[in-house]
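Commentary on secondary and tertiary structure
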Amino acid sequence: QQQQQQQQQQYQPSSNTTTVTTGQPQPSGWNKNRRDVCKALLLLTTFFLLGHQPLGATATSAASIFCMKEGTLWSTKNLKWMMLSGISFGTSLISIILQRGYEGVDEERAYGVSFFMWFMSKSLQTFWGVILGMFLFSAFTSPQAAASAAATSSTSTTTNYPRATATVY
């Protein structure tokens, strides 16, 4: 009976820790670190999209998906960044397909189709690059981001020493 209880406890995450598929508790701040890596990868994705490099955008958005899949799935913060990563991946993949289609179509015979594919590819990259950039700008300039950056910098430079107490007789 104790083994059954231990197995049930192993599969039930506690409220203050995060678990992944291994069932091992993760340290606090682990999901935040994942989100920060995802934000950096999505920032690269934004630069690739605005620079009209859909292959690089596809690679970095796929990397951000793989980074976020290791975190807690039902966390609303993680879900937001996972959705942005998925949309970025889909956008850059569709953009690659349209660009390849544009390169494969004979412009003399199907100028309208060729122009449409080129225009849609570039428009999709620019539109989603700007939208994603606004999300990232908001995330990097929010008061929570400033407070968390201040908290991390103060904890890394401050050393807490135990107080010495003296008893006076």
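The structure we're discussing is the one just above.
Report follows, based on the coordinates.

1. Some words on the overall build of the protein
Counting its secondary structure elements, the protein contains six helices and two strands. Going from the N terminus to the C terminus, the protein shows its helices and strands as α-β-β-α-α-α-α-α. Of all 169 residues assigned to the protein, the portion counted as buried reaches 26%. Counted over contacts in the protein with a minimum sequence separation of 6, partners at least 24 positions apart contribute 64%.

2. Side note on the pattern of salt bridges
If you walk through the whole model with that rule in mind, you get two salt bridges. Close ionic contact of D36 with K32 constitutes a salt bridge, the shortest N to O distance being 2.8 Å. Taken as a pair, D36 and K32 lie in helix α2 (residues 30-50) at a separation of four residues, close to a single helical turn. Taking relative accessible area as the criterion, D36 reaches 31% and is therefore assigned partly exposed. Between E103 and R100 there is a salt bridge, with the nearest N and O atoms lying 3.6 Å from each other. Highlighted residues: E103 and R100, both in helix α4 (residues 76-104), separated by three residues, approximately one helical turn.

3. Examining the packing of aromatic side chains
In total, this model carries three aromatic pairs according to the counting rule given. Relative to W118, the ring of F115 has its centre 6.0 Å away and its plane inclined at 35°; by these criteria the two rings are tilted. With F115 and W118 both in helix α5 (residues 111-141) and three residues apart, the pair spans about one turn of that helix. F115 gets classed as partly exposed once you look at its relative accessible area, which sits at 40%. Among the aromatic residues, those joined into a cluster by ring pairs are Y111, F115, W118 and F119.

4. Topic: the side chain of K39
You can see K39 is positioned in helix α2. Of the side chains with opposite charge, D36 lies nearest to the buried K39, which makes no salt bridge, at 4.0 Å. Beyond its immediate chain neighbours, meaning those up to four positions away, K39 contacts W81, L136, A139 and F140.

5. Thoughts on unusual backbone geometry
Of note in this structure, H52 is not a glycine but carries a positive phi near 55°. Tracing the sequence through the fold places H52 in the loop between α2 and α3 (54-68).

6. A short note on the packing of α2 against α3
Packing of α2 against α3 leaves a shortest axis separation of 8 Å and a crossing angle of 170°. As judged from the angle between their axes, α2 and α3 are roughly antiparallel. The hand of the α2/α3 crossing is left-handed. Judged by residue contacts, R34, R35, V37, C38, L41, L42, L44, T45, F48 and L49 of α2 engage G56, A57, T60, S61, A63, S64, C67 and M68 from α3.

7. Section: the nonpolar core
Counting residues in each nonpolar core, the largest one holds 11 residues, listed as C38, L42, L49, A57, M68, W81, L84, W128, L132, L136 and A139. The set of elements that each furnish at least two residues to this core consists of α2, α3, α4 and α5. Here this core takes four residues from α5, the largest share from any one element. In contact with L49, not counting residues within four places along its chain, are A57, S92, Q125, W128 and G129.

Rules and cut-offs
- Residues numbered from 1 in each chain as written.
- Predicted model: local features only at pLDDT ≥ 70, side-chain atom pairs only at ≥ 80, totals over all residues.
- Heavy atoms only, no water.
- Helix = DSSP H or I, 4+ residues; strand = E, 2+ residues; numbered from the N terminus.
- Buried < 20%, exposed > 50% of the residue type's maximum accessible area, 1.4 Å probe, protein only.
- Contact = heavy atoms within 4.5 Å.
- Salt bridge = Lys/Arg side-chain N within 4 Å of Asp/Glu carboxyl O.
- Phe/Tyr/Trp six-rings, centres within 6.5 Å; stacked < 30°, edge-to-face > 60°.
- Lys, Arg positive; Asp, Glu negative; His and termini not counted.
- Axes fitted to C-alpha atoms, helices over the stretch in contact; angles between N-to-C directions.
- Parallel < 35°, antiparallel > 145°, perpendicular 65-115°, else oblique.
- Left-handed = near helix turned anticlockwise from the far one by under 90°.
- Core = buried A, V, L, I, M, F, W, Y, C linked by side-chain atoms within 4.5 Å.

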